[in-house]
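Notes for the structure review
So you can see what is in the structure, the chains are spelled out below.
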Amino acid sequence: MNKAKNAPKVVIIGGGFGGLQAAQELGNKPVEVALIDRKNHHTFQPLLYQVATAVLSPGEIASPIRRILHKYKNIEVILGEAIGFDLQKQTIKLLQCAAGPNELSYDYLIVAAGARHSYFGHDEWEEDAPGLKTIEDAVEIRRRVLLAFELAEREAYLTGVRKPLNFVVIGGGPTGVEMAGAIAGIARQALAKDFKEIDTTKARVMLFEGSDRVLGTFAEELSEKAKKQLEDLGVEVFLNSFVTDVEENRVKVGEDWVDCNVAVWATGVAASPLGKTLDAETDRAGRVFVQPDLSLPNYKNVFVIGDMASLKMENGQPVPGVAPAAQQMAQTACANILRDLRREPRKNFKYADKGSMATIGRNRAIAEIGNWKFSGYFAWLMWLFVHVISLIGFRNRLSVLTEWMWAYFTRERSARLIVGDAEAMSDSRQLLEAKAATQIPTLESQKNVVKTA
Ligand SMILES: Cc1cc2nc3c(=O)[nH]c(=O)nc-3n(C[C@H](O)[C@H](O)[C@H](O)COP(=O)(O)OP(=O)(O)OC[C@H]3O[C@@H](n4cnc5c(N)ncnc54)[C@H](O)[C@@H]3O)c2cc1C
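Model, not experiment: these values are computed from the prediction.

Parameters at a glance
- Residues numbered from 1 in each chain as written.
- Predicted model: local features only at pLDDT ≥ 70, side-chain atom pairs only at ≥ 80, totals over all residues.
- Heavy atoms only, no water.
- Helix = DSSP H or I, 4+ residues; strand = E, 2+ residues; numbered from the N terminus.
- Rg over C-alpha atoms; globule rule 2.2 N^0.38 Å.
- Buried < 20%, exposed > 50% of the residue type's maximum accessible area, 1.4 Å probe, protein only.
- Contact = heavy atoms within 4.5 Å.
- Areas by Shrake-Rupley, 256 points an atom, 1.4 Å probe, with all protein chains shown as cover.
- Lys, Arg positive; Asp, Glu negative; His and termini not counted.
- Charge placed at Lys NZ, Arg CZ, Asp CG, Glu CD.
- Patch = residues over 30% accessible without salt bridge, like charges linked within 9 Å, V, L, I, M, F, W, Y side chains within 5 Å.
- Salt bridge = Lys/Arg side-chain N within 4 Å of Asp/Glu carboxyl O.
- Domains from an automatic or database assignment.
- Near = heavy atom within 4 Å.
- Polar contact = N/O pair within 3.5 Å; in protein donor to acceptor, adjacent residues only side chain to side chain.
- Phe/Tyr/Trp six-rings, centres within 6.5 Å; stacked < 30°, edge-to-face > 60°.
- Lys NZ or Arg CZ within 6 Å of the ring centre and 35° of its normal.
- Expected span 1.5 Å × (residues − 1).
- Axes fitted to C-alpha atoms, helices over the stretch in contact; angles between N-to-C directions.
- Left-handed = near helix turned anticlockwise from the far one by under 90°.
- Nonpolar A, V, L, I, M, F, W, Y, C, P; charged D, E, K, R; others polar.
- Pairing = 2+ DSSP bridges.
- Right-handed = clockwise from strand over helix to strand, strands pointing away.
- Core = buried A, V, L, I, M, F, W, Y, C linked by side-chain atoms within 4.5 Å.

Regarding its fold elements, the protein chain presents twelve helices and 25 strands. At 24 Å, the protein chain has a C-alpha radius of gyration in line with the 22 Å of a compact globule built from 453 residues. Principal axes of the C-alpha set define a box for the protein chain whose edges measure 80 × 55 × 45 Å. Taking all 453 residues of the protein chain together, the buried fraction comes to 51%. For the protein chain, the proportion of contacts with a sequence separation of at least 24, taken over those separated by at least 6, is 65%. As displayed, the protein chain offers around 21800 Å² of accessible surface, 52% of which is attributable to carbon and sulfur atoms. Once the 55 positive and 55 negative side-chain charges of the protein chain are each reduced to a mean point, those two points are 7 Å apart.

A word on a nonpolar patch on the surface. Together, F385, V386 and I389 give the surface a local cluster of nonpolar side chains, amounting to about 290 Å² of exposed area. In this fold, V386 is placed in helix α9 (residues 377-390).

With that settled, the discussion passes to the domain arrangement of the protein chain. The domain architecture assigned to the protein chain consists of domain 1 (9-38 + 80-117 + 270-341) and domain 2 (140-265 + 356-410). Measuring from the centre of the C-alpha atoms in domain 1 to the corresponding centre in domain 2 gives 33 Å.

As a further point, take the site of the ligand. Residues in close proximity to the ligand total 31 residues, the closest being G18, D37, Q45, A82 and D307. Residue G321 places a main-chain N or O atom 3.1 Å away from an oxygen atom belonging to the ligand. Within the backbone of A323, an N or O atom sits 3.0 Å from an oxygen atom of the ligand. Compared with its free state, where it exposes 990 Å², the ligand has 88% of that area covered by protein.

Moving on to the packing of aromatic side chains. Considering all chains together, one arrives at 14 aromatic pairs under this definition. With centroids separated by 6.2 Å and ring planes inclined at 45 degrees, the aromatic side chains of F149 and F195 adopt a geometry described as tilted. In this pair, F149 sits in helix α5 (residues 135-159) while F195 sits in the loop between α6 (174-190) and β12 (204-208), placing the two residues 46 residues apart along the sequence. Taken individually, F149 and F195 each receive the classification buried, so the pair is uniform in this respect. Ring pairs connect the aromatic residues Y119, F120, W125 and W265, which therefore count as one cluster. The ring of Y408 has R362 lying over it, and the distance from NZ or CZ to the ring centre is 4.2 Å.

The end-to-end C-alpha separation of α5 is 36 Å, in line with the 36 Å expected for 25 residues at 1.5 Å each. Taken across its 25 residues, α5 has 20 buried, putting it largely inside the fold. Two residues or fewer after α5 comes G160, characterised by a positive phi angle close to 80 degrees.

Quick look at the environment of A330 now. For A330, the location among the structural elements is in helix α8 (residues 323-341). Residues A330 and R411, 81 residues apart in the sequence, show an inter-C-alpha distance of 39 Å.

Moving on: the packing of α5 against α6. Between two packed helices, the angle of one axis relative to the other and the distance separating the axes together describe the packing. Running from N to C, α5 and α6 cross one another at 35 degrees; their axes reach a closest spacing of 12 Å. Seen along the crossing, α5 lies across α6 with a hand that is right-handed. Across the interface between the two elements, I141, V145 and F149 from α5 touch M179, I183, I186 and A187 from α6. Class assignment for the residues of the contact of α5 with α6 results in seven nonpolar, no polar and no charged.

On to the pairing of strand β2 (residues 32-37), then. Remember that side chains alternate between the two faces of the sheet whenever the strand is regular. Burial within β2 is extensive, with six of its six residues counted as buried. Both faces of β2 are covered, namely the face carrying E32, A34 and I36 and the face carrying V33, L35 and D37. As defined by bridge partners, strand β1 (residues 9-13) adjoins β2 across five bridges and the pair is classed as parallel. Residue pairing in the sheet places V11 in a bridge with A34 of β2. As a crossover connection, the stretch from β1 through helix α1 (residues 17-26) into β2 is right-handed.

Core analysis: the biggest nonpolar cluster contains 66 residues, and F149, F167, M179, L207 and W404 have the highest contact counts within it. Examining the composition of this core, we find that nine residues originate from one element, α5, more than from any other. Residues in contact with W404, not counting those within four places in the same chain, are L47, Q50, V55, L56, W383, L384, H387 and V388. L35, L296, Y299 and F303 belong to the second-largest nonpolar core, a separate cluster that totals 55 residues.

A word on the sheet that holds strand β17 (residues 262-265). If you trace the four strands from one edge of the open sheet to the other, you get β13-β12-β11-β17, paired in parallel fashion. Every interior strand has two partners, whereas the edge strands, β13 (235-238) and β17, have only one. Ignoring which end each strand starts from, the neighbouring axes of this sheet average 20 degrees apart. Looking at chain direction, strand β11 (residues 166-170) and β12 are connected through five bridges and run parallel. Bridge assignment links F167 to a residue of β12, and that residue is V205. Its contacts with the sheet put α5 on β11 and β17, and the angle it makes with β17 is roughly 160 degrees. Along the sheet face, α6 touches β11, β12, β13 and β17 and points at about 170 degrees away from the line of β12.

Put into structure tokens, the structure is as follows:
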């Protein structure tokens, strides 16, 4: 590595939207940079739901961090998980994964470890209603969704029984709306002609939202339009409906249990637990209260950015937990580090809202840019354009564009792979053998198989 002599050392925790932007801001600047992430790749989270619903493959929305940053001579990328800090000694502790030192020192620290979904104190619900945050989550949800159709087809073929096929999405924010619309798309279009025994178009997709509208951060008229677009796709939208319990193959809504083959959790945010180790106050979601220049109250050389940071805008509203906010925070934090080095005063963070958009399905989306509000086909085209240009790497852009065009014209999903589940396959063989011996077990007696769906 070509290190500037005696250059201050900046350590960045996290290679997501905030951390990656920070590294790029400091690339080839008079500092030595180390970026630590527990994954070797940056994930483009806005398109995770398309991996979960078999439109895209994981590699199309994730890129190796080392590759993205290879052109900067002053940046080293470290695979590792930060587990704590000594802010006095200016060191970071890494999870020990091999013999050797597991501590790293810094002059400046930028913490951008993001957030996960919160189960509001019921982490045990995660097993039966996984959330969507990482590539692993998306592949697991894809497995459950596709397997649900396969198991229903198998049961119908072996026993002649066609049970209802229910999908439940919990939370009517952008991720919940996108997931519900995309699952409806799979059932009604992509799979419809491929199954012989079951009618996939009869699958129910239910979206439960606790408040009185979906996409609550958008203008009311757009929420209304989004709900209508979801219903046109066949999604049943239940408002003012709190999920109060989750068990295997069912969720409790208010006082009533609703059976489901697959449940997806798409609500609640919990900042990285690293925030609690930073000797600073946190809000209810675990976000760290930062100063207007994004530093910690008692440590001017430590910045917290992105989904981990809690800061109010001039209008009193919190800075939203979105990718542009994380990237803009990275720009401010890095500008302040470079200002320190030039002995210039720091500047405060100011969020520039470039608008928001959410897609509901084929030809359907909503967008709000300042006072401009769009819905339907035009909003959908805008959504496609913004997401393609925001993807990292020309290869990914080209590949995603090709997949989308293919899916648009053929209505097919090219990433319909169930991976990592040999158990269901072997049980399938047992069922076929049993059928040959005219001893057909019911799916009730095969609960371990259904559990995987
Ligand atoms: C499904 C989904 C859809 C979304 N859609 C949109 C959208 O359409 N538009 C939009 O603007 N925003 C969207 N968001 C929000 C957006 O992705 C986040 O606001 C943004 O990623 C926050 O950036 P960040 O850098 O704070 O965290 P992240 O991008 O989450 O990055 C955190 C990084 O830190 C790493 N990490 C975590 N803990 C550790 C540790 N202890 N040690 C080392 N590394 C660690 C992680 O591996 C990860 O790479 C979406 C989020 C999700 C989950």
